[in-house]
2 protein chains.
Amino acid sequence: MRRYGTIVFLFLLFFSLHFKSQKTEKLYQYVNPLIGTEKMGHTYPGATAPFGAVQLSPETDTIAYELNGKYNGEVYKYCAGYRYEDKTIVGFSSTHFSGTGHSDLGDFLIMPTIGKLQLNSGTADHPENGYRSSFSHTNEKAEAGYYQVKLDDHDILAELTSTTRVGVHRYTFPKSDQAHIIFDLMAGIYNYDGKNIWTYVRVENGNTVTGYRQTNGWARTRTVYFAMKFSKPFKSYGQKNYDGKLVYNGFWRKFDQTKNFPEIAGKNLKMYFDFDTEENEAIEIKLAISPVSQANALENLEKEAGKLSFDQVKAQTQEIWNNELNKIVIKGSDTEKTNFYTAMYHTFINPTTYMDANGEYKGLDQNIHRAENFTNYTTFSLWDTYRALHPFFNIIQPKRNGDMVKSMIAHYDQFSMKMLPIWSHYANDNWCMSGYHSVSVVADAIIKGNYDGDAKAALRACVATANKKDYEGIGQYIDWGYIPSEKNGTSVSNTLEYAYDDWAIAQLAKHLGETEIYTQFIKRSENWKNNFDKSTGFMRPRLADGSFKKDFNPLSTHGQGFIEGNSWNYTFFVPHNPDELIQLMGGKKKFASKVDELFTMHLPDEFFADTEDITREGIIGGYVHGNEPAHHVAYLYNWAGQPWKTQAQIRRILEMQYKATPDGLGGNDDAGQMSAWYILSSLGFYPVAPGSEEYAIGSPAIDHAVLNLENGKIFEIEAIHQSPKNVYVEKILLNGKEIKNFSLKHSDIMNGGKLSFFMSAKAKK
Amino acid sequence: MRRYGTIVFLFLLFFSLHFKSQKTEKLYQYVNPLIGTEKMGHTYPGATAPFGAVQLSPETDTIAYELNGKYNGEVYKYCAGYRYEDKTIVGFSSTHFSGTGHSDLGDFLIMPTIGKLQLNSGTADHPENGYRSSFSHTNEKAEAGYYQVKLDDHDILAELTSTTRVGVHRYTFPKSDQAHIIFDLMAGIYNYDGKNIWTYVRVENGNTVTGYRQTNGWARTRTVYFAMKFSKPFKSYGQKNYDGKLVYNGFWRKFDQTKNFPEIAGKNLKMYFDFDTEENEAIEIKLAISPVSQANALENLEKEAGKLSFDQVKAQTQEIWNNELNKIVIKGSDTEKTNFYTAMYHTFINPTTYMDANGEYKGLDQNIHRAENFTNYTTFSLWDTYRALHPFFNIIQPKRNGDMVKSMIAHYDQFSMKMLPIWSHYANDNWCMSGYHSVSVVADAIIKGNYDGDAKAALRACVATANKKDYEGIGQYIDWGYIPSEKNGTSVSNTLEYAYDDWAIAQLAKHLGETEIYTQFIKRSENWKNNFDKSTGFMRPRLADGSFKKDFNPLSTHGQGFIEGNSWNYTFFVPHNPDELIQLMGGKKKFASKVDELFTMHLPDEFFADTEDITREGIIGGYVHGNEPAHHVAYLYNWAGQPWKTQAQIRRILEMQYKATPDGLGGNDDAGQMSAWYILSSLGFYPVAPGSEEYAIGSPAIDHAVLNLENGKIFEIEAIHQSPKNVYVEKILLNGKEIKNFSLKHSDIMNGGKLSFFMSAKAKK
């Protein structure tokens, strides 16, 4: 009966995919996951389904976090596991972050080899000394939901695809009686001695293996369970334990546990599975993960991929990708489409699904919960993504974004600290970066009508988070209106960002008729003024005695009270009240000149050096696009009465910072924020202050786009005469009616209709 | 509604307990848990409910498994955490083994202190340098389900009681503004560096704390979850992390995590909770454990003790003990009752309940299972307990014993190796000791009608276990009929025990009509003959070439192919076929002389030294009662036609090996086996070969006993004229009919009736 149900399900799924594909363009062909894999993009090239729990991707190295007891700067380059610059691949692991500037994960590294069994990975210079292999980009192909590479040293073709929770590997071997699958359970991203807390493996039968990997990393307490099925039974298997001395060895005395022994556990383990292969024989491995249990992992495997071949999974996932990408259909050159759909792809892989096929997940209280009527997500890089990624989702993925808010509220409910997430993954908060920006995501989603949960409870969670007095200077911020720079290394960033976040809370309170909360938080939202130094015209750290910090340098990022941005970039961070900022800075003209200066100045090398996460190409003048704090700044010209400068700068940024090449991203993609900025800006508008229903209009870089909205409506954008030269907006019509204030409402989009830009080479001053 | 239900439940419970107590004697007052806590008994004095999951008991030290990198022999003395010889107590932990010869557990050590906060335990010589305290036995009281001690250094009265899953502490403080509860999550029994895998603690609110402790010990992969409620909110709390460097410290940068920070995790943690106390103020702590989750631990706490005070829990548990102990009501002196009921107490605390109040438990596959219609048990020390403990349960705890068999079958089903347990606890097998004796327990329970599961499936599990060719020489045993001593350090023990176990399987097969299996295993059960050396008259190691080992010494325990016994003790290990052994050894007379020699010889110091787990008092001549292999030997005189020698020796062993004092046990109580031997032998009969329905009759040491059987029947035993001198059986009447063969059938007992012994000072030859 269940089997019959599965068949019916698959039939309906294929039918529906097939039916939809009649209407949709094959857009996944424009996705190039290799974009951003070189230099600072930190994207991964492997296979994933939209918002998938699995990110099955190659590692070009698994280097240690520490070298000779000190932080190894090189590890940063391997945030996504893969560097386009590298010449060797060490294997394919199941979990990756996309575009982050710190890292974790890299679970369950698998590598196919032939010949002598080698359990160490070898070095990049001497891949022959380990299981790794040389590879060449000419033998590499990356698509949405599919990746392949030839492993030269082993003469093996490696292919990857994935469902939401099941990574599928296919390795095509030469003829060999010494074919191996290495299963390196010590490998991981941002690996350090002691990170592997415990590993358990159980060989269930001749082709099924389950277990878990427990780590103490960026997520402090994290366990990922797996279930793995080989398409062909292994002829033998074994393990090596690298823990050193085993104090109680009774377990070892009774058996030879190194070979064909099905109960394997320890802190540091590697395994291998042996096969005989015929020429061109393919071995497929389905590896499902679960945050809950091996049983759930096995259920995920069976439900999502049990009956499917590699090719079927690939076809299915690429169709799902196609449907997602068809939510925006653009006209343009292949390069434009590649840029656009790769950006969409990069926005649709974060946050990640964090629950099993049966709805269960492990919460922050370490208990098992069931997501009732929503998909639970994790990987919330909120300092980045509140800006454009979640606002983008409010337009194009409103259901998912509502579920992401539900996930955040669940996080709040389950967390002993009663705080919304700061930077969370796998039921942990790593507290990375400043602000408490989940309140912005919550407010924006509710205000835009995308949350069907208890909105007042959500508001309470926002207020509780914002009132956590012992967190990152919030106490002083509330009591004094600013954070003394002696007390907090990122005092100015925090004050500015808290002020914006408080404004978002106020908007939500207003929306819900909570006047008292509104009054309280709208007042707090003015706190940014307390760090504004009129004498220099910059946001400037302030001491406990009320005076401004003496040795202040607005070019420097470190030791000045900012994070990932200097005062030059942060001074404009009043997204919720540009008018008053402009006024404080001496009026529109003076303000616009200062923004001009930002875009044209030269950032000396010494100060560039301490700007994190970006390449030289990631800045324009002193404007750092590779980091987020100034992402809205180019749009502020609109407020200064010089919208043509917004238009010109936006086009400049789009052109300079996003290229359809592996090194095409000027900085970390930051879990999709950079890509979301690209999509929205290239469509012609941007949410300067999420929580507001207004979008600032910039300059569309795409001739034509159709937004297929979830509510069934269609919003069409045309940019007539748009070209690299015609970057200026001459006229804007919304459903034939002219827009003059360079502002678009959320409802204007969601109601469907047509937005027509008339573009020109001449600025309309 | 639920609250109302709980009240009704409690009312009914108390009513029923009260009602029962009308009929029952207050037998729990004869239990002295301090018996066996000195020297080699390895029992613990603390509070536990019958077969409880919690064993809440004091630790007199928590010493390291290793000293200067080598095994620290001292650790062995602390198998149960407590040594009567010691002068200080370090705290009270929730889990303990009773009477084992290796150890683990000691989870969640709690210690109340006043004055300066000290997180180290201090030393026995200088308790003032740490949180430990001096104590005196004059201020100590141990009862079934209750323990109290005065902690002299802190002027605190400590009391413990427990339900099945909830330990309840009560600490009565002096007036202090510096009262502390130390919660040492690094402490444990058989602790070694790296044993603590991970610890997680979550402060849920002002008086509730949950978390887990994960260890790699005798149980290789083990996590115990807890939920703890204080009767009074703490005024503050804090932690110290002893992990050394924390590689990712983002979590630490944002908060002061040492004080009042509710999310705590690491490998090596200690915590403390601060209180202000009035003079004689009692603080109660309820600490529930779960093998599944914190949520389940909390549910256990609420269900079992949520509404009860310390005194109510104590009263309830002691009533439950009383009901259990009333299953056998004896007449005798206080000392006899103390010996008898303490032995019963010691048999009724192992195995331990291993499932939550909701029926869930973590299985060997690391998945969560639910025990359907049975109680799942763990702590199976089967090499010890198959002999007398489980047979005793087949008489007096048949339902529980059936459930224990179900627990073993669940173990088998969930274990990747498909083997019944050898020595298992907390969903792990540590493979300790020889044989595969769970087959004996399974066979005996089924044959005696105490298993309502699938008996044929149970037989299949027995057969599969016995055919595990790569385990401990089974392959050679099957193929050659013995295990070559070059291949296996305990080749003779294993061969002899496998042979008996195979006979048990054969009995089960016969019982189930599985003739083919019967034939196969009854043949295997003769393999003991292959190690019998006619030239010396001893069981003797044999080499692969078929010859007997040259440098053979029947007095030596080590290096001779035996475990916890020399050839002198093991030579008689053919419990299933004494007749043929007697024949091989030269007939009844010669055989009896050899047993005489065993009981009268002198075991030289050099050979005693390598006899494990016992004191000098634990041997009689060369007969080692402190270990198990010869536990049946005194009964073999019955087969040799000299039952009066059985009678005399049994009385001698009962008198010499069991005393109502802390040092009263001559060896490890071995999870109740030694105590079960005591009970059965003092009742007058013993199961020489479990799997047989026959008991060998010895010499009852109790004037009168009533066995209140679960089936509602009553079996009465009287020993007329019994006295320390009148140890010989003159006549035996079963329901008035004389028994002449010194054998009693299981059904004779279970059908109810009366067994009358007529005792005399003169042997009836």
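Everything numeric in this text was worked out from a predicted model, so none of it was measured. (Residues numbered from 1 in each chain as written. Chains lettered and ligands numbered in written order. Predicted model: local features only at pLDDT ≥ 70, side-chain atom pairs only at ≥ 80, totals over all residues. Heavy atoms only, no water.)

Visitor: So what's going on with the overall build of chain A? Which residues, and what values?
Guide: Within chain A one finds 20 helices and 40 strands. The C-alpha radius of gyration computed for chain A amounts to 26 Å, which stays within 12% of the reference 27 Å derived for 765 residues, consistent with globular compactness. Principal-axis analysis of the C-alpha atoms places the extent of chain A at approximately 80 × 60 × 50 Å. Burial status across chain A gives 69% buried among its 765 residues. Considering only intrachain contacts with a sequence separation of at least 6, the fraction spanning at least 24 residues in chain A is 69%. (Helix = DSSP H or I, 4+ residues; strand = E, 2+ residues; numbered from the N terminus. Rg over C-alpha atoms; globule rule 2.2 N^0.38 Å. Buried < 20%, exposed > 50% of the residue type's maximum accessible area, 1.4 Å probe, protein only. Contact = heavy atoms within 4.5 Å.)

Visitor: So what about the packing of aromatic side chains? Which residues, and what values?
Guide: Applying the stated criterion to the full structure yields 112 aromatic pairs over all chains. Between phenylalanine 392 of chain B and phenylalanine 393 of chain B the ring centres are 6.3 Å apart and the planes differ by 35°, which places this aromatic pair in the tilted class. Here phenylalanine 393 of chain B falls in the buried class, since its relative accessible area comes to 0%. Members of the aromatic cluster, each reached through a chain of ring pairs, are Phe108, Phe183, Phe226, Phe230, Phe234, Tyr237, Phe273 and Phe275 of chain A. The lysine or arginine in question, lysine 731 of chain A, covers the ring of phenylalanine 758 of chain A, its NZ or CZ lying 4.9 Å from the ring centre. (Phe/Tyr/Trp six-rings, centres within 6.5 Å; stacked < 30°, edge-to-face > 60°. Lys NZ or Arg CZ within 6 Å of the ring centre and 35° of its normal.)

Visitor: Break down the pattern of salt bridges for me, with residues and values.
Guide: Any two side chains of opposite charge can pair if their charged atoms end up close together. Residues and elements named next belong to chain A. The final tally for this structure, using the stated rule, is 78 salt bridges over all chains. In this structure, the salt-bridge partner of aspartate 444 is lysine 448, at a minimum N-O distance of 2.9 Å. Like aspartate 444, the residue lysine 448 is buried in the burial classification. Linked through salt bridges whose partners overlap, the residues forming this network are Arg83, Glu85 and Asp86. (Salt bridge = Lys/Arg side-chain N within 4 Å of Asp/Glu carboxyl O.)

Visitor: Can you lay out the domain arrangement of chain A for me, pointing to particular residues and giving the numbers?
Guide: Residue and element names in this part refer to chain A. Here the domain parsing of chain A yields domain 1 (2-325), domain 2 (359-552) and domain 3 (588-765). Each of domain 1 and domain 3 has a C-alpha centre, and the two are 38 Å apart. Between domain 1 and domain 3, the residue contacts involve 16 residues of the former and 15 residues of the latter. Between domain 1 and domain 3, the buried area comes to about 1,100 Å², and carbon and sulfur atoms account for 55% of it. When the area that domain 1 buries against domain 3 is broken down by residue, the three leading residues are Ile35, Lys39 and Met40, summing to 41%. Inspection of the region where domain 1 meets domain 3 yields 1 salt bridge. Across the pair lysine 39 and aspartate 663 runs a salt bridge, and its minimum N-O distance is 3.7 Å. Our enumeration of links across domain 1 and domain 3 arrives at 9 residue pairs in polar contact (both at pLDDT 80 or more). Residues that form the side of domain 1 that touches domain 3 fall into these classes: 5 nonpolar, 9 polar and 2 charged. (Domains from an automatic or database assignment. Buried area = accessible area lost by both parts, 1.4 Å probe. Polar contact = N/O pair within 3.5 Å; in protein donor to acceptor, adjacent residues only side chain to side chain. Nonpolar A, V, L, I, M, F, W, Y, C, P; charged D, E, K, R; others polar.)

Visitor: If you had to explain the relation of the copies chain B and chain A to someone new, which residues and values would you point to?
Guide: The transformation that overlays chain B on chain A combines an axial shift of 0.0 Å with a rotation of 180°, and the residual RMSD is 0.0 Å. The relationship between the two copies is best expressed as a two-fold rotation axis. Across chain B, the smallest distance between a C-alpha and the rotation axis is recorded for isoleucine 197 of chain B, namely 3.2 Å. (Least-squares fit on C-alpha atoms with pLDDT ≥ 70 in both.)

Visitor: So what about the sheet that holds strand 33 (residues 685-686) of chain A? Which residues, and what values?
Guide: Residues and elements named next belong to chain A. Spatial ordering of the open sheet is given by 33-34-39, a layout of 3 strands whose pairing is antiparallel. Lying at the two open borders of the sheet, with one neighbouring strand each, are strand 33 and strand 39 (743-745). Here strand 34 (residues 694-697) pairs with strand 39 via 3 bridges, running antiparallel. When the sheet's bridge partners are listed, alanine 696 is paired in strand 39 with serine 743. (Pairing = 2+ DSSP bridges.)

Visitor: Quick rundown of the interface of chain B and chain A? Include the residues and the values.
Guide: Reports often express the size of an interface as the amount of accessible area lost when the parts come together. With 53 residues of chain B at the interface, the matching set in chain A holds 53 residues. For the pair chain B and chain A, the summed buried area comes to about 4,600 Å², and 55% of that belongs to carbon and sulfur atoms. The interface formed by chain B and chain A holds 0 salt bridges in total. Between the two partners, chain B and chain A, sit 23 residue pairs in polar contact (both at pLDDT 80 or more). Of all the secondary-structure elements, those providing two or more residues to the side of chain B that touches chain A are strand 14 (196-205), strand 15 (208-215), helix 2 (250-254), strand 18 (263-266) and helix 3 (294-305) of chain B.

Visitor: If you had to explain the sheet that holds strand 10 (residues 146-151) of chain A to someone new, which residues and values would you point to?
Guide: All names here are of chain A. With respect to topology, 9 strands assemble into an open sheet ordered 9-10-11-12-20-16-15-14-18, the strand pairing being antiparallel. Edge strands, defined here as strands with exactly one partner in the open sheet, are strand 9 (140-143) and strand 18 (263-266). Taking the axes of each pair of neighbouring strands and ignoring which way they run, one obtains an average angle of 15° across the sheet. Pairing geometry for strand 14 (residues 196-205) and strand 18, over 4 bridges, is antiparallel. (Axes fitted to C-alpha atoms, helices over the stretch in contact; angles between N-to-C directions.)

Visitor: If you had to explain unusual backbone geometry to someone new, which residues and values would you point to?
Guide: All names here are of chain A. Omega for the peptide link from asparagine 350 to proline 351 comes to -20°, which places this bond in the cis form. Relative to the assigned elements, proline 351 resides in the loop between helix 5 (334-347) and strand 22 (352-353). Here asparagine 68, not a glycine, exhibits a phi torsion of approximately 50°, which is positive. Here asparagine 68 falls in the exposed class, since its relative accessible area comes to 79%.

Visitor: Please provide a residue-by-residue account of helix 7 (residues 389-396) of chain B, values included.
Guide: Burial analysis of helix 7 of chain B places 8 of its 8 residues in the buried class, the great majority of the element. Residues Leu389, His390, Pro391, Phe392, Phe393, Asn394, Ile395 and Ile396 of chain B constitute the buried set of helix 7 of chain B.

Visitor: If you had to explain the packing of helix 9 (residues 438-447) of chain A against helix 10 (residues 455-466) of chain A to someone new, which residues and values would you point to?
Guide: Residue and element names in this part refer to chain A. Running from N to C, helix 9 and helix 10 point in directions that differ by 160°, and their axes come no closer than 10 Å. Taken together, helix 9 and helix 10 sit at an angle that is classed as roughly antiparallel. Crossing of helix 9 over helix 10 shows left-handed handedness. Here Val439, Val442 and Ile446 of helix 9 lie close against helix 10, whose contacting residues are Ala455, Ala458 and Cys462. Considered class by class, the residues forming the contact of helix 9 with helix 10 number 6 nonpolar, no polar and no charged. (Parallel < 35°, antiparallel > 145°, perpendicular 65-115°, else oblique. Left-handed = near helix turned anticlockwise from the far one by under 90°.)

Visitor: Describe the packing of helix 12 (residues 491-511) of chain B against helix 13 (residues 515-524) of chain B, naming the residues involved and giving the relevant values.
Guide: Residues and elements named next belong to chain B. Close contact between helix 12 and helix 13 brings their axes to 7 Å; oriented N to C, the two are set at 160°. Considering their axes alone, helix 12 and helix 13 lie roughly antiparallel with respect to each other. Considering the relative orientation of helix 12 and helix 13, their crossing is left-handed. Together, Ala499, Asp502, Trp503, Ile505, Ala506, Gln507, Ala509 and Lys510 of helix 12 and Ile517, Tyr518, Phe521, Ile522 and Arg524 of helix 13 make up the contact between the two elements. Class assignment for the residues of the contact of helix 12 with helix 13 results in 9 nonpolar, 1 polar and 3 charged.

Visitor: Give me the lowdown on the pairing of strand 9 (residues 140-143) of chain B, citing residues and values where you can.
Guide: Residue and element names in this part refer to chain B. Across 4 bridges, strand 9 lies against strand 10 (residues 146-151) in antiparallel orientation. From the neighbouring strand, alanine 142 faces strand 10, where its bridge partner is tyrosine 147. What sits between the antiparallel neighbours strand 9 and strand 10 is a turn of 2 residues, in which glycine 145 has the positive phi angle 80°.

Visitor: Describe the side chain of aspartate 669 of chain A, with residues and values.
Guide: All names here are of chain A. Inspection of the secondary structure puts aspartate 669 in the loop between helix 18 (643-657) and helix 19 (673-683). Although aspartate 669 lies buried, it forms no salt bridge, and the closest oppositely charged side chain, arginine 387, sits 13 Å away as judged by the N-O distance. Excluding its chain neighbours within four sequence positions, the residues that come into contact with aspartate 669 are Gly41, Thr43, Gly99, His346, Met674 and Ser675. (Lys, Arg positive; Asp, Glu negative; His and termini not counted.)

Visitor: Can you break down the environment of lysine 589 of chain A residue by residue, with the values?
Guide: Residues and elements named next belong to chain A. Looking at the element boundaries, lysine 589 is found in helix 16 (residues 588-600). Take lysine 589: its relative accessible area is 68%, and that puts it in the exposed class. Between the C-alpha atoms of lysine 589 and leucine 109, which are 480 residues apart in sequence, the distance is 57 Å.

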